[in-house]
Amino acid sequence: MISTSTPRFAVIGHPIAHSRSPAIHAAFAAQTGVALQYEAVLAPLEGFGETLRTLRDAGLAGCNVTLPFKPEALNLADLASERAQLAGAANTLGWTSDGRLWADNTDGLGLLRDIEHNAGCKLAGCQLLLLGAGGASSGCLGPLLEARPARLLVWNRSSSKAHELVSRHESLAARLGVQLAALEHLQGAPGRFDVVINGTSAALHSGRLELPEGLLNADGLALDMVYGPASAPFLDWAARAAPGARRRDGLGMLVEQAAEAFQRWHGVRPDTAAVLSQMRAA
Ligand code: NDP
């Protein structure tokens, strides 16, 4: 039952109409019995800070943040988790009891949970290729390194961004004993990878990713952070390149990153398998 005192949450972005976060958080709330309101809010491109202040004054208890406001969300925070700082972006915000704005980034945790728990694919010791060096890939690199693959290569269309992302994570990789490097050309990739993750938005902009067929191991995993029909070009490539490989779109990651945010706000972790099936069916 929604009353005026029911805690208010939101996802803020531009655009935002496509967001599935309100449906996911409503499903978590129904499952766990947590009372909340969760709405999608369109902020003007130059008005994220103002929108956040207005919503806070109206009683907002926490929010998710999506494109293009994740870096700005981090900059506005009084307290930021280490992984949000490393990512240079935040997707989850809330306020401490004394009113300070905290920021976290749950994208990478969501991706990792989807790979290791939902797909049952352990990353420790594997050869991993990450395509893309935008906000989503930045948010995921730290948690992917924490899973200790033997080697993680990052390829990006603009290679300077891949180098920048790699250099920002160099000391973490060294501490964890992971071989981390930027890959200049996909055609010259050194051997096949156990896991290939597509963190580019190429398909959303009708762009084509030219991927050679020899990238993916026969029993590997191909995961597209994009979900729904837009994941078809990458997952079709994977089916051609390695017919026996497992293929996943980004819906599992989306539900899992939402569950991490839900847990931070409400102290309870929902059963994501049930909600993922529900979202898939919808
Ligand atoms: P950004 O805009 O920050 O980055 C886009 C990335 O895609 C860059 O690396 C860019 O390369 C690359 N790219 C864009 N077009 C092409 C192309 N035609 N060929 C090759 N590379 C291209 O977006 P995000 O990183 O935030 O998001 C990336 C994708 O991940 C989106 O599709 C988004 O929907 C998805 N996502 C999914 C989530 C989930 O929970 N499932 C969570 C967050 C994001 P360059 O630097 O050269 O421009």
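Note that the structure is predicted; figures quoted are calculated from it, not measured. (Residues numbered from 1 in each chain as written. Predicted model: local features only at pLDDT ≥ 70, side-chain atom pairs only at ≥ 80, totals over all residues. Heavy atoms only, no water.)

## Focus: the sheet that holds strand β12 (residues 246-248)
And then number 1: Strand order in the open sheet made by the six strands is β9-β8-β7-β10-β11-β12, with parallel pairing throughout. Two strands lie at the open edges of the sheet, namely β9 (179-182) and β12, each paired on one side alone. Within this sheet the neighbouring strands show an average axis-to-axis angle of 15°, counted without direction.
And then number 2: With five bridges connecting them, strand β7 (residues 127-131) and strand β8 (residues 151-155) associate as parallel partners. When the sheet's bridge partners are listed, Leu-128 is paired in β8 with Leu-152.
And then number 3: Packing of helix α8 (residues 232-241) onto the sheet brings it into contact with β7, β10 (193-198), β11 (216-224) and β12, and relative to β11 it is tilted by some 175°. (Pairing = 2+ DSSP bridges. Helix = DSSP H or I, 4+ residues; strand = E, 2+ residues; numbered from the N terminus. Axes fitted to C-alpha atoms, helices over the stretch in contact; angles between N-to-C directions. Contact = heavy atoms within 4.5 Å.)

## Structural notes on the sheet that holds strand β3 (residues 60-65)
And then number 1: Reading across the sheet, the six strands line up as β2-β1-β3-β5-β6-β4 and stay open at both edges, with mixed pairing between neighbours. Every other strand in the sheet has two partners, leaving β2 (37-42) and β4 (79-80) as the edge strands with one partner each.
And then number 2: Across four bridges, strand β5 (residues 92-95) lies against strand β6 (residues 101-104) in antiparallel orientation. Looking across to β6, one finds that Trp-95 is bridged to Leu-101.
And then number 3: Along the sheet, helix α2 (residues 48-57) contacts β1 (8-13), β2, β3, β5 and β6; its crossing angle with β3, the most-contacted strand, is approximately 150°.

## Comments concerning the site of the ligand
And then number 1: Near the ligand lie 24 residues; those nearest to it are Ala-136, Asn-156, Arg-157, Ser-158 and Lys-161.
And then number 2: Within the side chain of Arg-157, an N or O atom sits 2.8 Å from an oxygen atom of the ligand.
And then number 3: Ser-158 is positioned such that a nitrogen or oxygen atom in its side chain is 2.4 Å from an oxygen atom of the ligand.
And then number 4: Relative to its unbound accessible surface of 930 Å², the ligand loses 83% to contact with the protein. (Near = heavy atom within 4 Å. Polar contact = N/O pair within 3.5 Å; in protein donor to acceptor, adjacent residues only side chain to side chain. Areas by Shrake-Rupley, 256 points an atom, 1.4 Å probe, with all protein chains shown as cover.)

## So, the side chain of Lys-70
And then number 1: Here Lys-70 shows up in helix α3 (residues 70-76).
And then number 2: Apart from the residues lying within four places of it in its own chain, the contact partners of Lys-70 are Val-65, Ala-89, Ala-90, Asn-91 and Asp-107.

## Brief notes about the packing of helix α1 (residues 21-32) against helix α9 (residues 251-266)
Relative orientation and spacing of two packed helices are given, respectively, by the angle between their axes and the distance between those axes.
And then number 1: Running from amino to carboxyl end, α1 crosses α9 at an angle of 55°, the nearest separation of the two axes being 10 Å. Between α1 and α9, the crossing angle belongs to the class labelled oblique. Two packed elements cross with a definite hand, and for α1 against α9 that hand is right-handed. Of the residues in α9, those touching α1 at Ile-24, His-25, Phe-28, Ala-29 and Thr-32 are Leu-254, Val-255, Ala-258, Ala-259, Phe-262 and Trp-265.
And then number 2: Split by residue class, the contact of α1 with α9 holds nine nonpolar, two polar and no charged. (Parallel < 35°, antiparallel > 145°, perpendicular 65-115°, else oblique. Left-handed = near helix turned anticlockwise from the far one by under 90°. Nonpolar A, V, L, I, M, F, W, Y, C, P; charged D, E, K, R; others polar.)

## Overview of the pairing of β3
And then number 1: Counting buried positions over the six residues of β3 gives five, a clear majority of the element.
And then number 2: Relative to β3, β1 runs parallel, the two being bridged by five bridges. Within β3, the residue paired with Ile-12 across the bridge is Val-65.
And then number 3: Both β3 and β5 contribute to a ladder of three bridges, which runs antiparallel. (Buried < 20%, exposed > 50% of the residue type's maximum accessible area, 1.4 Å probe, protein only.)

## Looking at the packing of α9 against helix α10 (residues 272-281)
And then number 1: Between α9 and α10, whose axes approach to 10 Å, the crossing angle comes to 135°. The orientation of α9 relative to α10 falls into the category oblique. α10 is crossed by α9, and the crossing has right-handed handedness. Residues Leu-251, Gly-252, Val-255, Glu-256 and Ala-259 of α9 pack against Thr-272, Val-275, Leu-276, Met-279 and Arg-280 of α10.
And then number 2: Of the residues in the contact of α9 with α10, the class split is six nonpolar, two polar and two charged.

Remember, this is a structural readout, not a statement about activity or role.
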